[in-house]
Amino acid sequence: MTRDQFDRQTWERRWTEALREHGDAVAQRPPNAYALDVAAGLAPGRALDAGCGHGAEAIWLAAAGWTVAAVDFSATALGLARSTAESMGAEVAGRIDWVEGDLGSWAPEPGGFDLVTCLYVHVAGSVPEFVARMAGGVARGGTLLMVGHQPVDPETGEPTPAAGQVQVGVEDVVGVLDASTWRLVVAEERRRAQAGSGVDAVVQAVRVG
Ligand SMILES: C[S@@+](CC[C@H](N)C(=O)[O-])C[C@H]1O[C@@H](n2cnc3c(N)ncnc32)[C@H](O)[C@@H]1O
């Protein structure tokens, strides 16, 4: 596996194929349960979804009253996300800013968001640097949710569908979040529902300083 397998061009190709082969199923894929769970406990504010893909979480957040910035480097994924949002009406669509950007360097406005979610995004560079950059977008009192599919199943030692990717692990995120600034709410690996697909690293933290 090489880093090139997860670059912009490759993701464009993946999204194009996914939409061609099963576009309806992709468009109807439900929002992520961790994100729903976290957001359901918060008052709507400003949210960032970093690596938003087909936009299910961003659209759910907007429908729940959040103002959302949704970033991805795949124009194809963003096109589907935008048209899905538009199909839900001007009020929902108008609350989402779809941003075509590369999370390898894209940085959120410092302290600009009450919720920053980053779900299943492959990290091409330094993981601590990436986590710190995303965390920098969280306002005081705001929440950070980072979720990463782990490449090896800790129970069996077998590779998972995320093999070859670098996604955030629990220690990666916890190691960056200074205890004087962050209160950890969740920091654990959770087994995925699909047999043989291993675990997710899930970290939820509130910025207190
Ligand atoms: C596995 S998908 C997850 C999408 C969504 N977060 C979800 O949970 O359904 C990873 C997404 O991250 C995007 N992505 C990967 N690397 C990126 C980067 N460097 N900059 C922006 N987007 C990136 C891909 O285009 C893809 O849409």
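Keep in mind the model is a prediction, meaning the values are calculated, not measured.

Brief notes about the pattern of salt bridges
- All chains considered together, the criterion is met by nine salt bridges.
- Between R8 and E100 there is a salt bridge; the shortest N-O distance is 3.3 Å. Pair noted here: R8 is in helix α1 (residues 8-27) and E100 is in strand β3 (residues 96-100), with a separation of 92 residues, a long-range link.
- Classification of R8 as partly exposed rests on a relative accessible area of 34%.

Considering unusual backbone geometry
- The backbone of Y120 shows a phi angle near 60°, a positive value even though the residue is not glycine.
- Its place among the elements puts Y120 in the loop between β4 (113-119) and α6 (127-135).

Some details on the packing of α1 against helix α4 (residues 75-87)
- Where α1 contacts α4, the two axes come as close as 9 Å, and the packing angle between them is 25°. The angle between the axes of α1 and α4 places the two elements in the roughly parallel class. Every residue of α4 that contacts α1 at E12, W15, T16, L19, V26 and A27 is listed here: A75, T76, A77 and L80.

Some details on the UniProt feature "domain: Methyltransferase" (unreviewed entry) in the protein chain
- The positions that UniProt labels "domain: Methyltransferase" (unreviewed entry) are, in the present scheme, residues 48-142.
- In the segment residues 48-142, helix accounts for 36% and strand for 27%; the C-alpha atoms at its two ends are 11 Å apart.

A word on the site of the ligand
- Near the ligand, the surroundings consist of 16 residues, among which G51, D72, D102, L103 and L119 are the closest.
- One of the side-chain nitrogen or oxygen atoms of D102 is found 2.8 Å away from a nitrogen atom of the ligand.
- Protein burial of the ligand: of its 590 Å² of free accessible surface, 89% is covered by the chains.
- Here the residues of the shell around the ligand sort into eight nonpolar, six polar and two charged.

Overview of the packing of helix α2 (residues 33-40) against helix α3 (residues 56-63)
- It is the contact of α2 with α3, at a shortest axis distance of 10 Å, that shows an interaxial angle of 20°. Here α2 lies roughly parallel to α3, going by the angle between them. α3 is crossed by α2, and the crossing has right-handed handedness. The residues of α3 that touch α2, namely those facing A35, L36, A39 and A40, are E57, W60 and L61.
- Class assignment of the residues belonging to the contact of α2 with α3 gives a composition of six nonpolar, no polar and one charged.

A short note on the packing of aromatic side chains
- Applying the stated criterion across every chain, the model contains zero aromatic pairs.
- Taking NZ or CZ as reference, R14 lies 4.7 Å from the ring centre of W11, over its face.

Scoring rules and cut-offs
- Residues numbered from 1 in each chain as written.
- Predicted model: local features only at pLDDT ≥ 70, side-chain atom pairs only at ≥ 80, totals over all residues.
- Heavy atoms only, no water.
- Salt bridge = Lys/Arg side-chain N within 4 Å of Asp/Glu carboxyl O.
- Helix = DSSP H or I, 4+ residues; strand = E, 2+ residues; numbered from the N terminus.
- Buried < 20%, exposed > 50% of the residue type's maximum accessible area, 1.4 Å probe, protein only.
- Axes fitted to C-alpha atoms, helices over the stretch in contact; angles between N-to-C directions.
- Parallel < 35°, antiparallel > 145°, perpendicular 65-115°, else oblique.
- Contact = heavy atoms within 4.5 Å.
- UniProt positions renumbered as here; feature names shortened; annotations may be inferred.
- Near = heavy atom within 4 Å.
- Polar contact = N/O pair within 3.5 Å; in protein donor to acceptor, adjacent residues only side chain to side chain.
- Areas by Shrake-Rupley, 256 points an atom, 1.4 Å probe, with all protein chains shown as cover.
- Nonpolar A, V, L, I, M, F, W, Y, C, P; charged D, E, K, R; others polar.
- Left-handed = near helix turned anticlockwise from the far one by under 90°.
- Phe/Tyr/Trp six-rings, centres within 6.5 Å; stacked < 30°, edge-to-face > 60°.
- Lys NZ or Arg CZ within 6 Å of the ring centre and 35° of its normal.

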